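Each chain, written out:
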Amino acid sequence: MASLCRQIVRVNALRSVILSTARRGFADKMMPDPLEHATGLERRELMALESGNDDPFNMKVLKKADGTRNNPTLVPSCFDARIVGCICEEHSTVINWLWVHKDHPRRCECGHWYKLIEKPFI
């Protein structure tokens, strides 16, 4: 019974604080937009998402192209190198990881070719 009385007192105290703040004119204020407070890379990411780019860091799975030396699968990157995971067989449970460097197409163990292309930074 005593703990219930303490909880009621706490709720009433909280209610009085909320009402006093509302009387001072703070009730109509909303939480600020996260974009207003974001800086740097977080801000660029939020701006890209706002403009409709749902994959600003190219993290979605790419579909393989022909994969030949003359027509490799193009992998976008903002940097000079990127790690790529190749699922060599359709029902394979193993992923072959390989580094692909700029201006150096790379061949996976299964024979599939990958080439790094430059993508602007967000």
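Because the structure is predicted, anything quoted here is derived from the model rather than measured. (Residues numbered from 1 in each chain as written. Predicted model: local features only at pLDDT ≥ 70, side-chain atom pairs only at ≥ 80, totals over all residues. Heavy atoms only, no water.)

S.K.: Describe the side chain of Asp55, naming the residues involved and giving the relevant values.
M.R.: Within the secondary structure layout, Asp55 lies in the loop between α3 (40–50) and β1 (73–77). One buried charge, Asp55, has no salt-bridge partner; the nearest side chain with opposite charge is Lys60, at 5.7 Å. Looking at Asp55, its side chain comes within polar contact range of the main-chain nitrogen of Met59, at 2.9 Å. (Helix = DSSP H or I, 4+ residues; strand = E, 2+ residues; numbered from the N terminus. Buried < 20%, exposed > 50% of the residue type's maximum accessible area, 1.4 Å probe, protein only. Lys, Arg positive; Asp, Glu negative; His and termini not counted. Salt bridge = Lys/Arg side-chain N within 4 Å of Asp/Glu carboxyl O. Polar contact = N/O pair within 3.5 Å; in protein donor to acceptor, adjacent residues only side chain to side chain.)

S.K.: Account for the nonpolar core, with residues named and values stated.
M.R.: Ranked by size, the top nonpolar core spans eight residues in total: Val75, Val84, Cys86, Leu98, Val100, Cys108, Tyr114 and Leu116. For this core, the elements supplying multiple residues, two or more each, are β2 (81–86), β3 (96–101) and β5 (113–118). Among residues more than four places away in sequence, those in contact with Cys86 are Lys64, Val94, Ile95, Asn96, Leu98, Cys108, Cys110 and Tyr114. (Core = buried A, V, L, I, M, F, W, Y, C linked by side-chain atoms within 4.5 Å. Contact = heavy atoms within 4.5 Å.)

S.K.: Requested: an account of the UniProt feature "binding site: Zn(2+)" (unreviewed entry) in the protein chain, with residues and values cited.
M.R.: Those residues carrying the UniProt feature "binding site: Zn(2+)" (unreviewed entry) are Cys86, Cys88, Cys108 and Cys110 in this numbering. Across 25 residues, the annotated set stays spatially compact, with a maximum C-alpha separation of 8.7 Å. Assignment of secondary structure puts Cys88 in the loop between β2 and β3. Beyond its immediate sequence surroundings of up to four residues, Cys88 is in contact with Lys64, Asn96, Cys108 and Cys110. By secondary structure assignment, the location of Cys108 is in the loop between β4 (106–107) and β5. When residues no more than four places from it in sequence are discounted, the contact partners of Cys108 are Cys86, Cys88, Asn96, Leu98 and Tyr114. (UniProt positions renumbered as here; feature names shortened; annotations may be inferred.)

S.K.: Tell me about the sheet that holds β1, and please be specific about residues and values.
M.R.: Spatially, three strands are ordered β1-β5-β4 in an open sheet, and the strand pairing comes out mixed. The outermost strands of the open sheet, each flanked by one partner alone, are β1 and β4. Sheet topology note: the β4/β5 ladder contains two bridges and is antiparallel. Within β5, the position partnered with Arg107 by the bridge is Trp113. (Pairing = 2+ DSSP bridges.)

S.K.: Tell me about the side chain of Asn58, and please be specific about residues and values.
M.R.: Here Asn58 lies in the loop between α3 and β1. With residues up to four places along the chain from it excluded, the contact list for Asn58 reads Pro76, Arg82 and Lys119.

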